[in-house]
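Each chain, letter by letter, is given below.
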Amino acid sequence: MSLLDIKNLCIWYENEDHRQVVSDLSFQIQKGEFVGLVGASGCGKSSAMLGIMGLLPENSGFSCERFLFRGEHYEKKIETLRGKKIAMVFQDPSAYLNPLLKIGQQLTETIRCHKTCTKKEAKERAMELLSMAGIHSPETRMNQYPFEISGGMRQRVVIAIALACEPDLVIADEPTTALDVTVQRQILDLLKTISQRTKTAILLVSHDLGVIASVCDRVLVMQEGKIVEEGTANQIFYEPQNPYTMQLVEKAKAVMSVAKKKEKGVLVLESKDIGCKFRERLRWNKTCTREALRQISFSMYHGETFGLVGESGCGKTTLARILTGILSPDFGKLWSKGKVQMVFQDPYASFDPGYTIEKILLEAIPKQADHTKEVEKMLQLVGLKPEDRWKYPREFSGGQRQRIAIARALMSCPEILILDEPVSALDISTQSQILKFLDDIQQETGISYLFISHDLNVVKHMSQRIAVMYLGTFMEMGDTASIYEDPWHPYTKQLLSAILVPDPKKAHRRKKLIVKEILKQEEGTEKGCPFAGQCGYAMTRCHTEFPDFYQFEDRQVRCFLYSEEHTGRRRAGAPMISQI
Amino acid sequence: MIQYMIKRIVIGVLSLFVLVGITFFLTRAIPGSPFESSNVSGEVLEMMENEYGLNDPVIVQYGTYLLHVIQGDFGYSYENPSQSVTSIIAEFLPVTIMTGGLALLLAIVTGVSFGIWMVVSKQKIIQRALFSGTILGTGIPNFVLALVLIFVFGVKFHWLPVAGGSEWESYILPVCSLAIYPASVICRMTAHLYKEEMKKEYVVLAKAKGMQWERIVWKHVLRHIWLPLFNYLGSAAAFLLTGSFAIESIFTIPGLGSQFVHAISNRDYTLIMGLTIFMGTVVISIQVLVDLLGAWIDPKIRRSYEGQ
Amino acid sequence: MFLQKKNKMLKRGMILFCILALLALFVPLLSPWSCTDMNADIRNMSPNLQHFFGTDKFGRDLFVRTFYGARISLLVGILSALINGIFGICYGGFSGYSGKVVDILLMRVADIISSIPSLLYVILFTLVFGANEMSIILGLCISGWIETARIVRGEVIRLKNREFCIAAGLFGKGKLYIFFQHILPNAAGPVMINLTFLVPQAIFTEAFLSFMGVGISPPKASLGSLIQFSRSQMQTYPYQMIFPTLILVLFIVSMNLIGEGLKNMEKVREEE
């Protein structure tokens, strides 16, 4: 007897077109199983999950031929299952926790909702749940509000809430999409541990094949509201039968490849020891200065792609803004050969919604007498029709909007184009289209890209050289291939080990990622290496001194492990090797 | 939190200074004010001159006046010099507070409950009727409403007394005509906030936890509704106080409002000044209090001022 | 729930307002009766074909007087909303764009001024500068702009860091260009809603003051003073009170309808 058995689930929305988002969806889940559900965004994954939970919005319709849970029929009373037997973890933990209630209260109310117990018992159980979800010092966390803890921690709280009543099935809907790579790895590890320890079945929904491959035993592939293929992880990833699955797997694997090496061209941009300070208001009368960027030196050459990776909040965007001239650096020098333009992460947000495409494109250049030809030429270059210039941005799809954004940036003939997370909001198939398109443009115009992303696979696929950034400074810089094969800096190593590959066998060989949790930076350590608090190799020196950016041929690394004092015995002329 | 309190109170005190300043200088500019006119009885003029030092420079006079005001001394009524403004305020304040307080209470209770009813109700007729009611409620000026109520309940049907008396029935009409505007505003606000909050993701999570609808509303949603509603109370208080001018004189209730109108029609400038400053002070204090309590309710503000 | 009615509400409000505004503009111009001339022969006449709203105890035609009053209401309402709107947009825009100390300072000044109930300002102004339209408008303009300024400031702060504004800056556009080309058009919704609600507030204040005898002075007619004037004869000649009351309420309701309609439109736009 399977745990959950669903047959012919249909969901539609009662708007003008009565579109059916889920049609005749049927699948089963066994006890204690870890199942993945993969599909492009908009294929009806989330609607199906909300339907199973009975959480669909009012303007939608729902029908289901068979809804068996532990062999019992629940077609008409799905609500009775939720929270108790089936629990759910959502995508964006920041939105799903009530900002005005303490974490402890949000947990205990779940427990007391289904079980009769005293307040004290509920509190004890809540603390137990929080430590099971990998949260240290649960007692202090219980008294905090959601805005006082980090994003990863919030998702752990949501998971703890889901586990409150020992459900038989947990549905996790894109639980890691909004999180950083290292946190993503930790959350997935946590889910895996929970499923093994408590024998809870988990249904993990994701658009990312890497996520699915790293934890799931069985995979369902969904396309346009239907399951098109079903099988073990190995079957799906190594012997896909359905053409759609094949295409998905192929595209995901294609991104894994390393970019081709290129000849170094002319120098187009050089930055020397750029630094930037932000003043922050701690309280109404106290401010503190935070160094958003620290000693950033690098150069870019004609026709190359320079990748910049780092987790959110590490200063990537600030650096991009300094390079384009929106912000001016507080220290250091910056030189560039030609114009620097930028493509923003969310193309839609970078267009004024009241402007037509023509107006948007024309804003990028000074006023001229005849500009129709230029607009037409540019639209053709990015693969759009000349008639499109009368349309508004909302009439285009995500991929087309990104093309328009690139077209606008190219209007003023820049030498360098900064691409700030250009594909992270796009589907895997659109993603590869845009990446290919960017490549073509580079071939044609010889423009240089600064490619910023948190997605390590995409950066690897696009860039010849990369820099790894952490808390405002470059930790390591060099050839993409050599850094990915053999990371020198402890942070790079940690970051790269968090990469998820769409390859279950490789994923299973991986060790669990262990990351030290830093609660608060100790007094007097702000001067040291920013990574020292989390570094397994940290020496006393790391906490008090800021390391140099040591150079070895075309590779640079900011770590005392590579200082002369540490590697002094090295023979002159011998190549540097990884010290970790 | 103490720092936030200090900051908010400083702003309140500055507002008071501006209020006193504007009142003082404007009143001085009035043609035929007691400070300049010749038709004032010698006795009063002498008293004024002694009190305010009329031969000093204006700034010094302002300072002296301010000093008096801080001590709660607004001078003597121009029309009735034997009575100090302070004693008039003390005499008429309780009635105004009572009607205003009752109206506020009525507005909150009916506003919130009708607001939620308006959204929750499945019947289109009830929704529409309530919504049209709020549109009308904010559309009718309170003095017009008072007259209409008098006309209907007092003159036509003789159900309720139309003029001031000490018995409780005579307060029904004034309290109602004061309360309807803020009640309509609160009703619409509640309905809007409730609808917006029910769309939020945290409600979905609460449902996913398996919580009952009533508990979700009570434990989660109402908390979010309270905060903006609470902030509205400041302006509601201002509205009720100024509304009392008309309502009290229409229903001949012996309160501060009717005194103020009386003072205006008699051009009793010291009384006008005193009452203006006093009422301004009341409104400013209520606003400061509401802000402080609002900050106390909102954990984000509270935590950002708590220690580190 | 109310979204289906969005256009209906706006439409009804607009139609009502336009009718009233046209009547207010043209009735005093075209009517054979004068607003101030008294005529002892036609005192306290009930509504009839010659005098649609009847006459008052001095024999003045109430139809003309009511719409003359409505005209003053309209003038006060629209003029004060305009002045407040323009000043509020400038102040809020400047404050939001400057940021930092200037912003904090400007907003504190606004806080200080807005703490005092605006009716007190208006009463003082009418006492000092005489009972006429101008002093009422002036009084309303002391604190009326603050809400607009706050809204504009909020919108500027929200929009100036949006990517399309940053992008415009990247292409070498100036701050003023960005303010007028990108920020103001995108902030137009909330600002318009705020301005529509300023009009009925001003109309209410004017009527309130005239009712209390400190607004528009006697020979001239105002809706508030007409209501006050007819109060003493409420029992014998109720029509004298009903008509001005009705017009006043319709005026305020029509503006409220327009405001609510705009609000719903804005909500729909946001959801898209």
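Structure: see above.
First things first, this report covers the structure right here in the doc. Small disclaimer: the values here were computed from a predicted structure and weren't measured. (Residues numbered from 1 in each chain as written. Chains lettered and ligands numbered in written order. Predicted model: local features only at pLDDT ≥ 70, side-chain atom pairs only at ≥ 80, totals over all residues. Heavy atoms only, no water.)

Right, let's talk about the pairing of strand β8 (residues 201–206) of chain A for a bit. Along a regular strand, successive side chains alternate from one face of the sheet to the other. All names here are of chain A. Extensive coverage of β8 is indicated by the burial of six of its six residues. Residue alternation in β8 divides its side chains into two sets, Ala-201, Leu-203 and Val-205 and Ile-202, Leu-204 and Ser-206, and both sets are buried. Pairing between strand β3 (residues 34–38) and β8: five bridges, direction parallel. From the neighbouring strand, Phe-34 faces β8, where its bridge partner is Ile-202. (Buried < 20%, exposed > 50% of the residue type's maximum accessible area, 1.4 Å probe, protein only. Helix = DSSP H or I, 4+ residues; strand = E, 2+ residues; numbered from the N terminus. Pairing = 2+ DSSP bridges.)

What follows deals with the interface of chain A and chain B. Taken together, the contact pairs 31 residues of chain A with 24 residues of chain B. Taking both sides of the interface into account, the surface hidden between chain A and chain B amounts to around 2,700 Å²; carbon and sulfur atoms contribute 61%. Remark: the boundary between chain A and chain B carries one salt bridge. The residue Glu109(A) makes a salt bridge to Lys209(B) at a minimum N-O spacing of 2.8 Å. Across the contact surface, chain A and chain B share eight residue pairs in polar contact (both at pLDDT 80 or more). Of all elements in the fold, only α2 (93–96), α3 (103–114), α6 (151–162) and β11 (267–283) of chain A reach the threshold of two or more residues within the side of chain A that touches chain B. Per element, the largest residue contribution to the side of chain A that touches chain B is six residues, and it comes from α3(A). Along the lines of polarity and charge, the residues of the side of chain A that touches chain B split into 17 nonpolar, nine polar and five charged. (Contact = heavy atoms within 4.5 Å. Buried area = accessible area lost by both parts, 1.4 Å probe. Salt bridge = Lys/Arg side-chain N within 4 Å of Asp/Glu carboxyl O. Polar contact = N/O pair within 3.5 Å; in protein donor to acceptor, adjacent residues only side chain to side chain. Nonpolar A, V, L, I, M, F, W, Y, C, P; charged D, E, K, R; others polar.)

Residue and element names in this part refer to chain B. In the contact formed by helix α4 (residues 85–120) and helix α11 (residues 269–297), the axes pass within 10 Å of each other and the chain directions differ by 55°. Relative to α11, α4 is oriented oblique. The element α4 and its partner α11 pack so that their crossing is right-handed. Residue-level contacts link Val-85, Ile-88, Ile-89 and Leu-93 of α4 to Thr-270, Leu-271, Gly-274, Leu-275 and Phe-278 of α11. (Axes fitted to C-alpha atoms, helices over the stretch in contact; angles between N-to-C directions. Parallel < 35°, antiparallel > 145°, perpendicular 65-115°, else oblique. Left-handed = near helix turned anticlockwise from the far one by under 90°.)

What follows concerns the packing of aromatic side chains. Centre distance and the angle of the planes are the two values used to describe a pair of aromatic rings. For the structure shown, the criterion picks out 27 aromatic pairs over all chains. Between the aromatic rings of Phe87(C) and Tyr91(C), the centroid separation amounts to 6.0 Å while the plane-to-plane angle is 40°, which identifies the pairing as tilted. On the criterion of helical spacing, the pair formed by Phe87(C) and Tyr91(C) is a turn pair, its members being four residues apart in helix α2 (residues 62–98). Residue class for Tyr91(C) comes out buried when judged on its relative accessible area of 13%. An aromatic cluster is built from Phe143(B), Phe204(C), Phe208(C) and Phe211(C), whose rings are joined through pairwise contacts. One cation-aromatic arrangement involves Lys505(A) over Tyr238(A); the distance from NZ or CZ to the ring centre is 4.7 Å. The ring of Trp488(A) has Arg555(A) sitting right over it, with the charged end atom 4.1 Å from the ring centre. (Phe/Tyr/Trp six-rings, centres within 6.5 Å; stacked < 30°, edge-to-face > 60°. Lys NZ or Arg CZ within 6 Å of the ring centre and 35° of its normal.)

Below, the discussion takes up the pattern of salt bridges. Inspection of every chain in the model, using the stated rule, returns 29 salt bridges over all chains. Here Glu476(A) makes a salt bridge to Arg555(A), at a shortest N to O gap of 2.7 Å. Placement of Glu476(A) in strand β19 (residues 473–479) and of Arg555(A) in strand β21 (residues 555–557) is noted, with a sequence separation of 79 residues between them. For Glu476(A), a relative accessible area of 0% puts it in the buried group. In this structure, Glu147(C) engages Arg150(C) in a salt bridge whose closest nitrogen and oxygen atoms are separated by 3.8 Å. In this pair, Glu147(C) and Arg150(C) are both assigned in helix α6 (residues 145–160), three residues apart and thus about one turn of the helix distant. Residue classification places Arg150(C) among the partly exposed positions, given a relative accessible area of 30%. Where salt bridges share partners, they join Arg108(C), Asp111(C), Glu147(C) and Arg150(C) into one cluster.

With 43 residues of chain C in contact, the opposing surface of chain B contributes 53 residues. At the junction of chain C and chain B, the tally comes to one salt bridge. A salt bridge links Arg188(B) to Glu260(C); the nearest nitrogen and oxygen atoms lie 3.1 Å apart. The set of elements that each furnish at least two residues to the side of chain C that touches chain B consists of α1 (6–30), α3 (100–114), α4 (118–129), α8 (175–212), α9 (223–231) and α10 (239–271) of chain C.

Quick look at the side chain of Gln259(B) now. Here Gln259(B) is to be found in helix α10 (residues 256–265). According to the relative accessible area criterion, Gln259(B) is buried, its value standing at 15%.

All names here are of chain A. If you trace the six strands from one edge of the open sheet to the other, you get β6-β7-β8-β3-β9-β10, paired in mixed fashion. Only two strands of the sheet have a single neighbouring strand rather than two, namely β6 (86–89) and β10 (226–232). Across the sheet, the mean angle from the axis of one strand to that of its neighbour is 20°, orientation sign disregarded. The sheet contact formed by strand β7 (residues 169–173) and β8 spans five bridges and is parallel. Considered in β8, the bridge of Leu-169 is made with Ala-201. Where helix α10 (residues 243–255) meets the sheet, its contacts fall on β9 (218–223) and β10, and the angle it forms with β9 comes to roughly 105°.

Residues and elements named next belong to chain A. β7 sits mainly inside the fold: five of its five residues count as buried. Sheet topology places β6 next to β7; four bridges connect them, and they run parallel. Looking across to β7, one finds that Met-88 is bridged to Ile-171. Traced from β7 through helix α7 (residues 181–198) to β8, the parallel crossover comes out right-handed. (Right-handed = clockwise from strand over helix to strand, strands pointing away.)

What follows concerns the packing of α4(C) against α8(C). Residues and elements named next belong to chain C. Their axes nearest at 11 Å, the elements α4 and α8 cross at an angle of 50°. Considering the angle they form, α4 stands oblique to α8. Crossing handedness for the pair α4 and α8: right-handed. Within the contact between the two elements, α4 uses Leu-119, Val-122, Ile-123 and Thr-126 and α8 uses Thr-205, Phe-208, Leu-209 and Met-212. Residues of the contact of α4 with α8, tallied by class, amount to six nonpolar, two polar and no charged.

Residues and elements named next belong to chain A. Reading across the sheet, the four strands line up as β2-β1-β4-β5 and stay open at both edges, with antiparallel pairing between neighbours. Both outer strands of the open sheet, β2 (20–29) and β5 (72–73), are each paired with one neighbouring strand and no more. Looking at chain direction, strand β1 (residues 4–13) and β2 are connected through six bridges and run antiparallel. Residue pairing for β2: Asp-5 is matched across the bridge by Gln-28. Helix α1 (residues 45–53) rests against β1, β2 and β4 (60–69) of the sheet, and its axis sits at about 115° to β1.

This model, assessed by the stated rule, comprises zero disulfides over all chains. Free cysteine Cys529(A): the closest other cysteine sulfur is in Cys542(A), separated by 5.9 Å. By relative accessible area, which is 10% here, Cys529(A) ends up buried. Considering cysteine sulfurs only, Cys90(C) is the nearest to Cys165(C), which forms no disulfide, with 18 Å between them. (Disulfide = S-S within 2.5 Å.)

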